[in-house]
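A closer look at the structure
Spelled out from the first residue to the last, the chains are:
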Amino acid sequence: MTRPLRIGHQLSARIEGDPVAAAVRAEALGFDIVLASDHVGMGWSPMPTLSAIASATERIRLGTLVLNNDMRNPVQLAWEATTLDRVSDGRFELGLGAGHTSHEYEATGIERSAAGDRKRRLAESVEIIRALVDGEMVDHQGEHYRVRRARIDRARQDRLPILVGGNGEALLTHAGLHADIIGLQGLGRTREDGHSHEVKWSIRHLDEQIDQVRAGAGVRFDDLEFNAMVQVVQVTDDREAALAKVVDRVEGLTMEDAEATPYLLIGTVEEIVLHLMTCNERWGINYFAVRELDDFEPVLRALR
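Residues numbered from 1 in each chain as written. Predicted model: local features only at pLDDT ≥ 70, side-chain atom pairs only at ≥ 80, totals over all residues. Heavy atoms only, no water.

1. Comments concerning the overall build of the protein
Note the following rule: Numbering of helices and strands runs from the N terminus; a helix is a DSSP stretch of H or I covering at least four residues, while a strand is a stretch of E covering at least two. In this treatment the radius of gyration is a C-alpha quantity, and the globule benchmark scales as 2.2 Å times the residue count to the 0.38 power. What makes two residues a contact is simply this: any of their non-hydrogen atoms within 4.5 Å. Here the Shrake-Rupley method, with its probe set to 1.4 Å, supplies the accessible areas, and only the displayed protein chains count as covering residues. Charge counting follows a simple rule: Lys and Arg are positive, Asp and Glu are negative, and His as well as the terminal groups are ignored. Note that the charge is assigned to NZ on lysines, CZ on arginines, CG on aspartates and CD on glutamates.
The helix and strand inventory of the protein stands at 11 helices and 15 strands. Rg of the C-alpha trace for the protein: 19 Å, near the compact-globule value of 19 Å for 304 residues, within the 12% margin. Overall, the C-alpha framework of the protein stretches about 60 × 40 × 40 Å when taken along its three principal axes. A separation threshold of at least 6 residues defines the contact pool for the protein, and within that pool the share at least 24 residues apart is 70%. Accessible surface computed for the protein: about 14100 Å², of which carbon and sulfur atoms make up 47%. A gap of 5 Å separates the mean positions of the 35 positive and 49 negative side-chain charges of the protein.

Written as structure tokens, this is what we have:
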């Protein structure tokens, strides 16, 4: 099942000095959503930044890609999410992940538990937040959270979208059952530096991930949206040569996989547009997040 394409701009402190100005520019260019990342330290804290953006924009949606679940209490986060949704007149989308960057845990003094534990904690958090933003009273006693008679004002939207980003069968199966948007990055294990990841851009791996989501989603699979975090955008007249350079520097990547993966948008404007549509038809991926702003404008113009 294909959906209309959505293009998000992920804010980057390394590229843009003023996130509000960047969001206003993204809205003018025709991006569908502006996205804040979440790495404790230098740069902008995501939720206050998005609140400022909400006041400076009118149409563009606002989201997080993604918040580290370990850094937040789910009841407090649900409260912040519904507040931001009302402030933005129903434009907010909450993106959550299990957390991975070791520096953030060291800086905050929060224990960085094993990946499986972090993912199970994320799963509990998603269920708690889903009920709270829908206006339900929550009593929950699980492995990681104990919540008693928690309740907040519900979101402005009938259903505030929750994006779950990550990998692994347990995480994706649970996300298929409970999330609205599945965030795919094509990344594997965290490397020894505590921040970068192994790259998994093979067609086989992506097919497996979609199947894992489908197993969890069941009859609601067609209601889900799939997001891809694009790693490289390059407008060029020689797509094959540009892809070959990526293949040369990414261990284990084949040319066949590089040509098909949704994480590389390389080629002429027309080739990139065709590639976006092909990924939508093949995997149901319709929502692409890019870091480029003005450089992506020709592609947006062609899409519109």
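Back to the text.
2. Structural notes on helix 10 (residues 269–283)
Spelled out, the test is: Take the residue count of a helix, subtract one, and multiply by 1.5 Å to get its expected span. Using a 1.4 Å probe on the protein chains alone, a residue whose accessible area is under 20% of its type maximum counts as buried, one over 50% counts as exposed, and one in between counts as partly exposed. By construction, the arc corresponds to the directions joining the helix axis to the C-beta atoms.
A rise of 1.5 Å per residue sets the reference length of helix 10, with its 15 residues, at 21 Å; its end C-alpha atoms lie 21 Å apart and thus fit the reference within 8%. Within helix 10, burial applies to Val 269, Ile 272, Val 273, His 275, Leu 276, Cys 279, Asn 280 and Trp 283. What you see down the axis of helix 10 is that its buried residues fit within an arc of 160°, all on one side. Counted as exposed and oriented over 90 degrees from the buried face of helix 10: Glu 270, Leu 274 and Glu 281. Of the residues one or two after helix 10, Gly 284 is the one with positive phi, at around 80°.

3. Some words on empty space enclosed by the protein
Counted only if it meets this: Lining residues are defined by having an atom within 4 Å of a point belonging to a cavity or pocket. Those points lie on a 1 Å grid over the protein atoms alone, cavities being sets where a 1.4 Å probe fits but cannot get out and pockets being open sets with protein on both sides within 12 Å along at least five of seven lines. Grid points are joined across faces, edges and corners, and a volume is the space filled by probe spheres set on the points.
Inspection of the entire model under this criterion finds two cavities of 30 Å³ or more. Estimated volume of the largest cavity: approximately 40 Å³. Along the walls of the largest cavity sit Lys 200, Trp 201, Ser 202, Ile 203, His 205, Leu 206, Thr 261, Pro 262, Tyr 263 and Trp 283, which together make up its complete lining. Sorting elements by how many residues they give to the lining of the largest cavity places helix 7 (residues 203–217) first, with three residues. Taken as a whole, the second largest cavity holds about 30 Å³ of empty space.

4. Digging into helix 7
Here helix 7 contains 15 residues, and its C-alpha end-to-end distance of 21 Å stays within 8% of the 21 Å for a straight helix at 1.5 Å per residue. The complete set of buried residues in helix 7 reads Ile 203, His 205, Leu 206, Gln 209, Ile 210, Gln 212, Val 213, Gly 216 and Ala 217. Looking at the buried positions of helix 7, the neighbouring elements they touch are helix 6 (169–178), strand 9 (181–184), strand 12 (225–229), helix 9 (255–260), helix 10 and strand 15 (285–290). Downstream of helix 7 by one or two residues, Gly 218 has phi in the positive range, about 60°.

5. Regarding the pattern of salt bridges
Heads up, the rule is: A pairing counts as a salt bridge when a side-chain nitrogen of Lys or Arg comes within 4 Å of a carboxyl oxygen of Asp or Glu.
Within the structure shown, the criterion is met by 16 salt bridges. Between Asp 134 and Arg 130 there is a salt bridge, with the nearest N and O atoms lying 3.0 Å from each other. Per residue, the accessibility class of Asp 134 equals that of Arg 130, and both read buried. Asp 211 is the partner of Arg 214 in a salt bridge, and the nearest nitrogen-oxygen pair spans 2.8 Å. A residue pair is termed a helical-turn pair when its members lie 3 or 4 positions apart in one helix, as Arg 214 and Asp 211 do in helix 7 at three residues. When its relative accessible area of 38% is taken as the criterion, Arg 214 is described as partly exposed. Owing to a relative accessible area of 44%, Asp 211 belongs among the partly exposed residues under this scheme. In the salt-bridge network here, residues are joined through shared partners; they are Arg 6, Arg 61, Glu 93 and Glu 225.

6. Concerning the environment of Ala 123
Tracing the backbone shows Ala 123 in helix 5 (residues 115–133). Put simply, Ala 123 and Gly 97 are 26 residues apart on the chain and 9.6 Å apart in space, counted from C-alpha to C-alpha.

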